[in-house]
Amino acid sequence: MKKIPYKVFSASAMAAVLATTAVLVAPVQAGAEEVAEISVDSVAVTVGEEAVVVDLLNYATAIGGGNAALLEYLKDGNEYPSVASVKLGDKYISLVDYAQGIGQDKSLEEIAEESEAVSTDGYKEFVDFDEDGAPIFEEIVEGLTVEAVSAIETTIVEVTFPELAEALEDATVEVTDSEGNVREVVAQDLAKGATVAQFDFVEAVDEDDLVGVWAVNGVEYSFDELKLVEDIVEEANKFPNENQVKLFDLLTQAGIQNLDADKIADYAEDIEGASPSPVWVSDVQKIIDEANKSDEQKAAEAAVVKAVVDATNQIQLLAALEANFERVNKDWITDYANTEVVTGPPAVTLLDLEGEGATGYDAVDFDGIQEIIDDANEAAIDQANADAEKSADQAKVTALIEKWVEADDPETPNTTPKADAIAASKAKEAAFRVAEANTENSLFNALVAYANATEDSVLKASELNANLKAFYFAELDKDDLIDNTITDAAVGHDHATNGIKAKIVSVANDKSLDQALNDLGEKATDYDGDKSATNKAAFQKALQQLANYTSHYTEADEKFLMSTIDDALLEEYADALKGIDDTDDVDTVQQAVKGVNDDAEELKSVKAINEATTASQVKTALDNLSITSYINIPSVDKLYIAEKVLEARADETDEEYDDKAAVETALTTAGTGIIAEYEALIAEFKAEEIVEDAANNAKTTTEVIAQLNKLSYDAFDNLTAGEKAEVAEYFQANYPTDDNGTVDYKTLASIKADIDKAIAAIQ
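Just so it is clear, the model here is predicted, and its values are computed rather than measured.

### Quick word on the sheet that holds strand β8 (residues 156-160)
Pairing is antiparallel across the open sheet formed by three strands, whose spatial order is β7-β8-β13. Lying at the two open borders of the sheet, with one neighbouring strand each, are β7 (148-152) and β13 (196-200). Pairwise comparison of adjacent strand axes, ignoring direction, gives a mean angle of 20° for this sheet. In this structure, β8 lies alongside β13, joined through five bridges in antiparallel fashion. Bridge pairing in β13 places T160 opposite V196.

### So, the packing of helix α19 (residues 500-529) against helix α21 (residues 570-577)
Orientation of α19 relative to α21, taken along the N-to-C sense of each, is 120°, at an axis distance of 8 Å. As far as their axial angle goes, α21 and α19 are oblique. For the pair α19 and α21, the crossing hand works out as left-handed. Counted together, L520, G521, A524, Y527 and D528 of α19 and L570, E571, A574, D575 and L577 of α21 form the full contact between these two elements. Along the lines of polarity and charge, the residues of the contact of α19 with α21 split into six nonpolar, one polar and three charged.

### Let's talk about the layout of surface pockets
In this structure, the second largest pocket spans a volume of roughly 1600 Å³. K501, A502, S506, V507 and D510 are the residues nearest the centre of the second largest pocket, which is lined by 50 residues in total. Residue assignment for the lining of the second largest pocket shows that the elements contributing at least two residues are α2 (56-63), α3 (68-75), β5 (124-129), α18 (478-486), α19 and α22 (586-611). The dominant element in the lining of the second largest pocket, judged by the number of residues it contributes, is α19, at 11 residues.

### Looking at the nonpolar core
When a protein is soluble and globular, its nonpolar side chains tend to lie buried together. Core analysis: the largest hydrophobic core is formed by 53 residues, its most contacted members being Y472, F539 and L577. When residues of this core are traced back to their parent elements, those giving at least two are α15 (417-436), α16 (440-453), α17 (469-475), α18, α19, α20 (533-549), α21 and α22. Tallying contributions element by element places α19 first for this core, with 10 residues. Those residues in contact with L577 that lie beyond four places of it in its chain are L520, G521, A524, F539, L543, V589, A592 and V593.

### Overview of the side chain of S391
Its place among the elements puts S391 in helix α14 (residues 391-404). For S391, a relative accessible area of 6% puts it in the buried group. A distance of 2.6 Å separates a polar atom in the side chain of S391 from a polar atom in the side chain of E436. When sequence neighbours within four positions are dropped, the list of residues in contact with S391 reads E429, F432, R433 and E436.

### Here we look at unusual backbone geometry
Residue F239 is joined to P240 through a cis peptide bond whose omega torsion reads 10°. With respect to the element layout, P240 can be found in the loop between α6 (223-236) and α7 (244-253). Going from S275 to P276, the amide bond is cis rather than trans, its omega being 0°. Mapped onto the secondary structure, P276 falls in the loop between α8 (264-273) and α9 (281-292). In this structure, D170 takes a positive phi of about 50° despite not being glycine. Topologically, D170 is positioned in strand β9 (residues 168-171). Its identity is not glycine, yet S626 carries a phi of approximately 55°, on the positive side. Taking the relative accessible area as the measure of exposure, S626 reaches 44% and is therefore partly exposed.

The rules behind each value
Residues numbered from 1 in each chain as written. Predicted model: local features only at pLDDT ≥ 70, side-chain atom pairs only at ≥ 80, totals over all residues. Heavy atoms only, no water. Pairing = 2+ DSSP bridges. Helix = DSSP H or I, 4+ residues; strand = E, 2+ residues; numbered from the N terminus. Axes fitted to C-alpha atoms, helices over the stretch in contact; angles between N-to-C directions. Parallel < 35°, antiparallel > 145°, perpendicular 65-115°, else oblique. Left-handed = near helix turned anticlockwise from the far one by under 90°. Contact = heavy atoms within 4.5 Å. Nonpolar A, V, L, I, M, F, W, Y, C, P; charged D, E, K, R; others polar. 1 Å grid on protein atoms, 1.4 Å probe; cavity = no way out; pocket = protein on both sides within 12 Å on 5 of 7 lines; lining within 4 Å. Points joined across faces, edges and corners; volume = space filled by probe spheres on them. Core = buried A, V, L, I, M, F, W, Y, C linked by side-chain atoms within 4.5 Å. Buried < 20%, exposed > 50% of the residue type's maximum accessible area, 1.4 Å probe, protein only. Polar contact = N/O pair within 3.5 Å; in protein donor to acceptor, adjacent residues only side chain to side chain.

Honestly, it's all geometry; don't read function into it.
As structure tokens, then:
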């Protein structure tokens, strides 16, 4: 496989690439009769030093101006994106090879066959952008889609895989041992049509390392299981001298179901006689299930098999199947009849079986015939599902699943293939009904039904908003939805760009929000400039529209609530919101509204202070104003501060505070503010002012009385001179102390409390 540099085209040569972009899209859009079995799936674009893979639809959308963010990212500062290669069928080829082939009127098959594959080593698949606008990638891993691992030995690993539509050069697999170490294999070329390959290890594996569970491209291969089955076969091969206790324990350890101790000898005999000898636990389970059947049951099943094998035409075959098997659909008799039973060569179908031996009665058993029926049913249903083009078609698929697929096993409630298939078909039917909606209401109802039919991770009904019906309907493109979302097997319901939520719901969310924000800013500007009743009503309507359009959101910063709006403040809101547009978001609106509301609450509190007649009323208003310096005052002294605010208001000329700033100024002015005076007053009661000064000179009773008088505390001021002296002495003698000496007062309340104690002590 050749490697090509990522920078295939310079920016100056990209006009040709844009022309080729139309060529890339053209084969996909051609009529069904012109569309080859292979098609262009995606393109690899050079971004920086990396090759970023983008599926063709997203690339074409970006180039066409439908996804500006993706286009700017892919351009990487250049005039055009630098396309390195395109994925054609199963391989990437250079854009030069592709463009030349198209220019020479070659078919896509011819281009793919004649062009060398380029290495995808280092390629990364673009998924979407995250919330911060950063691209999200998935690594593209080269290698086969391994279905099963046939063998792992010291020098080789053998795998099976789906038939290759094209030859594959330098194919490889990733082999991981039980310790998580990667065991490198030698790459090899695989021919078109190959289904099995054996790879050599670059370095031979030590026999002792072939233990535990290995994996090849993620498919597990258990040496533990192989060893356990070997032990089972070894013990069974001793029949009739097997250790039946040991054999039964080994079967139990292997997880074999429906063991019957009474039949242990039969188990040993049947395992010993099995050809080929069982290798995996599933092989042993089939032998045990067969051994558990009664002789009568075996004879009956043999007779049924004979009837099937002896059938010489589809009518006889259908009669034999309908009489003895479940879920037989006569419309699919051709599928049953043509099922290959013996791979050959020559291959032998179910209808072609005859007589004794490997191409007759021995070629199939009862369970195998039922498996043929169920597999054919599944294939027919899969085809019907793939062919469905409308909801009515899909409803028929659901009915087919319900009638012709085996019921889920109640013993394995966590494994429910039939229920899962029904749910998937109903979800697809719901998706078709979305595409087929022809009115706003029918689309909304279809979207709700679709949300209920899919996982919450795809779409929740609560994520839909009846107020956005018109926006949903505007984004509905029936043909696009059916062709590129519903019937595209590569697009899941939760696809980041092509899912129904992405194409309709998310786009409607964005567009409705943009409109609501633009309308709000426009109406706010109108009302701010002209306070007419008409403009007022229009502004109110715009606010309600924003609330309506965001009512389905759950995040607080995305959901606008009309309960935050006070009609008395509409003019203030208009002034705050007149610059809003679609570059803003709901949180911006909320913060603007909150600012107006907060200012209004402040004015209410200031008004309450101006109208207060008691300190308690002032305190309540101050508590609501949230002035930091006031908040930091101890709670026990806040009423004192309120008293001073009330006094200060009464001392002003107009006996009012204009706003919060005026109240804050009264509180916090350095030196003369209420809080400054409060702090200075507490300082008057430090130990050095009451007990002794810094020079250790004890304070006299007269000095203490002078300090207590500064408090303007009625309980003390109303005492006689003699009582004041006694209280002063008691107050001084009981000044607060701890193990380190005196402790200064921190609040006026505590000073007053100790004065009260002194008064009580002398009375």
